[in-house]
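# Chain and residue survey
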Amino acid sequence: MDLIKQIVARAQADKQRIVLPEGTEERTIQAADRLIADGVADIILIGNPDEIMALARQYGLGNISRATLVDPKNHEKKALYAEMLWNLRKSKGMTLEQATKLGEDPLFLACLMIKNGDADGEIAGAKNTTGNVLRPAFQIIKTAPGIQVVSGAFLMFMPNKAYGENGVMVFADCAVLPNPTAEELAQIAVSTGQTARALGGFEPRIAMLSFSTKGSAKHEMVDKVVKATALAREMDPSLQIDGELQADAALVPSVASSKAPGSGVAGKANVLVFPTLETGNIAYKLVQRLAGAEAIGPILQGIAAPVNDLSRGCSVDDVYKMVAIAANQAIAAKKTQK
């Protein structure tokens, strides 16, 4: 069974409540119908219920009636959510009237549902920008304990099964933070290790990448990676993590044996943590295009509950996969909280 099928099966076995704030968006509602039919998640669609059901009839979707439909302008918890948002933001000058109005925004409403325990995760971005998706998540759900930064990971499925975990790797950060500090990079490494466990189902072997391996070059950018490696080990001693490593030392056993002898990660890394956003973003796109790898993401990490951002060019299949991924993240988060 390939990894995506495993992710879907895990979601089916422990169904989570995933809210889709873009409930009247064509690809979103079509994916919701499939997800309900396959029993992947309990789906919550935000939007005018009459409009949602009209679209379901238009597209011939027979399962949408089994979703929970929430009208953002008229639902039983509107006042409760408004007061919750006001309490969270009144120190920033927000009034109760403003909170009530903002609570009608589907993106804010989805996060309020998660904060109140009425949903376990969110997928959006088919028709909203990344900034609009993330802003309410930062303000309402906030970051996970011990983490102050949000980052974006990609699941990379390599044609060459010799790399990573039978061809599966996790790359980060490829989507959010342009130039992390050593402390932020350490948090990204720990978050990515958690993502590998939650989604990949394997123990991460994390390579902290640089243009230097074990002191072969001297530069402040190298120093940052060395410091981040030490901090990440302190944050989570259970992680196998090593750095600084060049990409070939991280991936190729013969190179690792000469450049980083004795390393438990070098030559067999399945998680790559990049020193900056530009290197991560360039790397995943090069591997995707030149090596023919499949890239799934970005999978957002570091938020206290799963909130994932879609590309506005996403397909129905992309939405389906990201809901299953969010469900797995929610399952893992609940286990950690226990």
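Let me sum up the structure you'll find in this document. (Residues numbered from 1 in each chain as written. Predicted model: local features only at pLDDT ≥ 70, side-chain atom pairs only at ≥ 80, totals over all residues. Heavy atoms only, no water.)

Take the overall build of the chain next. Scanning the chain from terminus to terminus reveals 13 helices and 11 strands. When its C-alpha atoms are laid out on the principal axes, the chain stretches across 65 × 45 × 35 Å. For the chain, the proportion of its 338 residues judged to be buried stands at 55%. Restricting the contact set of the chain to residue pairs at least 6 apart, pairs at least 24 apart contribute 73%. (Helix = DSSP H or I, 4+ residues; strand = E, 2+ residues; numbered from the N terminus. Buried < 20%, exposed > 50% of the residue type's maximum accessible area, 1.4 Å probe, protein only. Contact = heavy atoms within 4.5 Å.)

A separate point is the pairing of strand 7 (residues 205-209). The buried count for strand 7 comes to 5 of 5 residues, which makes it a mostly enclosed element. Because side chains alternate across strand 7, one face comprises the buried residues R205, A207 and L209, and the other comprises I206 and M208, equally buried. Bridge count for strand 7 against strand 8 (residues 240-245) is 5 bridges, and the pairing is parallel. From the neighbouring strand, A207 faces strand 8, where its bridge partner is D242. (Pairing = 2+ DSSP bridges.)

Turning to its location among the elements, R17 is positioned in strand 1 (residues 17-20). C-alpha of R17 to C-alpha of L277: the two residues are 260 residues apart in sequence and 31 Å apart in space. Excluding residues that lie within four positions of it along the chain, R17 makes contacts with D42, I44, G117, D118, A119, D120 and G121. A distance of 2.9 Å separates a polar atom in the side chain of R17 from the backbone oxygen of G117. (Polar contact = N/O pair within 3.5 Å; in protein donor to acceptor, adjacent residues only side chain to side chain.)

Moving on, we come to the sheet that holds strand 11 (residues 307-309). An order of 3-2-1-4-11 is seen for the 5 strands of this open sheet, with the pairing classed as parallel. Two strands close off the open sheet at either side, each with one partner strand: strand 3 (68-70) and strand 11. Between one strand axis and the next, the sheet turns by 20° as a mean value, whatever way the strands run. Where strand 1 meets strand 2 (residues 42-46), 4 bridges bridge the pair, whose relative direction is parallel. Note that in strand 2 the partner of R17 across the bridge is D42. Most of the contacts of helix 2 (residues 26-38) go to strand 2, to which it runs at about 160°, and overall it touches strand 1 and strand 2. Those strands touched by helix 7 (residues 130-141) are strand 4 (121-124) and strand 11, and its axis lies near 165° from that of strand 11. (Axes fitted to C-alpha atoms, helices over the stretch in contact; angles between N-to-C directions.)

Moving on, we get to the environment of D173. Within the secondary structure layout, D173 lies in the loop between strand 6 (168-172) and helix 8 (182-200). What makes D173 buried here is its relative accessible area of 3%. Put simply, D173 and A198 are 25 residues apart on the chain and 17 Å apart in space, counted from C-alpha to C-alpha. Excluding anything up to four places from it in sequence, D173 contacts S151, G152, I188, F274, T276, L277 and G280. Within the structure, the side chain of D173 is placed 2.8 Å from the backbone nitrogen of G152, a separation counted as a polar contact. Side-chain polar atoms of D173 contact the backbone nitrogen of A175, separated by 3.0 Å.

Moving on, we get to the side chain of N270. If you trace the backbone, N270 turns up in the loop between helix 11 (253-259) and strand 9 (271-273). Residue class for N270 comes out buried when judged on its relative accessible area of 0%. Only 3.0 Å separates the side chain of N270 from the side chain of E165, close enough to count as a polar contact. Among the polar contacts listed, one links the side chain of N270 to the backbone oxygen of E203, at a separation of 3.2 Å.

Further remarks concern the packing of helix 4 (residues 78-89) against helix 6 (residues 106-115). Where helix 4 meets helix 6, the axes come as close as 10 Å, and the angle between the chain directions of the two elements is 90°. As judged from the angle between their axes, helix 4 and helix 6 are roughly perpendicular. Contacts between helix 4 and helix 6 involve Y81, M84, L85 and L88 from the former and F108, L109, L112, M113 and K115 from the latter. Across the contact of helix 4 with helix 6, the residue classes tally to 8 nonpolar, no polar and 1 charged. (Parallel < 35°, antiparallel > 145°, perpendicular 65-115°, else oblique. Nonpolar A, V, L, I, M, F, W, Y, C, P; charged D, E, K, R; others polar.)

The step from G243 to E244 runs through a cis peptide bond, and the omega angle for that step is 5°. If you trace the backbone, E244 turns up in strand 8. Within the chain, K214 stands out as a residue other than glycine whose phi angle is a positive 50°. With respect to the helices, strands and loops of the structure, K214 is situated in the loop between strand 7 and helix 9 (220-235). What makes K214 partly exposed here is its relative accessible area of 42%.

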